[in-house]
Amino acid sequence: MAPKMRTRGTTRTLQSSNDEETKTNAHSEDSPLEVGQAVRGKRKGSGKTGKQESSKAKKSPERPQYCHWLMKSEPESRLENGIDVKFGIEDLKTLPNQTGCWDGVRNYQARNFMRDMKEGQHAFFYHSNCKEPGIAGVMKIVKESYVDHTQFDKKDVHYDASSKADNPKWSMVDVQFERMLKRFIPLSELKKIHLQHKVKGGSLNGMALFTRARLSVQPLTTEEFEFVLSLEDNDPL
DNA sequence: GCCAACGTTGGC
DNA sequence: GCCAACGTTGGC
């Protein structure tokens, strides 16, 4: 499974220019994430003392359970630390079984959303940082979150010197190409609709693409997902 | 290439 | 825990 893919997830790690190690991003693991069960104190710091829950402990009944997603990747060549991060939907189609691992996400909120993903759910493949940004197609989650091996690979663009093998920070999922949209839905069109819906109400009123623009892995409500799909059959705005 | 928005870091 | 400085994202 899973050949590797290079995405950028938004994420690009904290490294950037050279890595220095530093870091620890100590906190931050949270985000919306697990509130944990129980009430024990309010979550707040979580107290994570050293034990981490094993990654999975999880699931909190209280955070909204999303079942549709949008994942960004760059379809045009761009060098990052000398490595081309290009990975568009056509690249996904090319992989064996049209399946790849969505590695390289180095942002806690995005990572946490990936950890919420369930096998069989659908995600839009969004083309970012390119001539025409927008939604190109649909993919399916075929493997739930597991350790992103690229965090330990010094030659990888998203290598993270602060992540230790016995307590990996970053996760990824496997995705499989499902289909192209009948027509590419450009960001500009989604934006116009979003603006209208903000005023008069409508499905895309609170779409994360606009309310949390920099998140590379974001949730969509079922209503949002279906609304976007309905645009396929309309003429471009 | 610019730059606004926003996440992260780290001093205090 | 606050918050200023800094770095990244990603549209334009």
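Criteria and thresholds
- Residues numbered from 1 in each chain as written.
- Chains lettered and ligands numbered in written order.
- Predicted model: local features only at pLDDT ≥ 70, side-chain atom pairs only at ≥ 80, totals over all residues.
- Heavy atoms only, no water.
- Phe/Tyr/Trp six-rings, centres within 6.5 Å; stacked < 30°, edge-to-face > 60°.
- Helix = DSSP H or I, 4+ residues; strand = E, 2+ residues; numbered from the N terminus.
- Buried < 20%, exposed > 50% of the residue type's maximum accessible area, 1.4 Å probe, protein only.
- Lys NZ or Arg CZ within 6 Å of the ring centre and 35° of its normal.
- Arc of directions from axis to C-beta.
- Contact = heavy atoms within 4.5 Å.

**Remarks on the packing of aromatic side chains**
Then step 1. Here the structure, examined in full by the defined rule, presents 8 aromatic pairs.
Then step 2. Ring centres of Trp102 and Phe125 lie 5.3 Å apart, and the angle between their planes is 75°; this geometry places the pair in the edge-to-face category. Separated by 23 residues along the polypeptide, Trp102 in the loop between strand S4 (99-101) and helix H2 (108-116) and Phe125 in strand S5 (residues 122-127) bring together distant segments of the chain.
Then step 3. On the accessibility criterion, Trp102 (0% relative accessible area) is buried.
Then step 4. Phe125 sits in the buried class, given a relative accessible area of 0%.
Then step 5. Note on Phe124 and Phe225: the rings are 4.4 Å apart at their centroids and 20° apart in plane angle, and the pair reads as stacked. With Phe124 in strand S5 and Phe225 in helix H5 (residues 222-230), this pair connects stretches of sequence that are 101 residues apart.
Then step 6. Aromatic ring contacts, followed pair by pair, group Tyr66, Trp69 and Phe113 into a single cluster.
Then step 7. The ring of Tyr146 is capped by Lys143, whose NZ or CZ atom sits 4.0 Å from the centre of that ring.

**Focus on H5**
Then step 1. Those residues of H5 lying buried are Glu224, Phe225 and Val228. All buried residues of H5 project into a common sector of 100° when viewed along the axis, lining one side.
Then step 2. Among the structural elements, strand S1 (68-73), S5, strand S6 (134-147), helix H3 (187-200) and strand S8 (217-220) are those in contact with the buried residues of H5.

**A word on unusual backbone geometry**
Then step 1. Residues other than glycine seldom take positive phi values, yet Asn97 does so here, at roughly 65°.
Then step 2. Summarising the element assignment, Asn97 is placed in the loop between helix H1 (89-94) and S4.
Then step 3. By relative accessible area, which is 61% here, Asn97 ends up exposed.
Then step 4. Here the phi dihedral of Gln98 falls at roughly 55°; this positive angle occurs in a residue that is not glycine.
Then step 5. One can find Gln98 in the loop between H1 and S4.
Then step 6. Residue classification places Gln98 among the partly exposed positions, given a relative accessible area of 29%.

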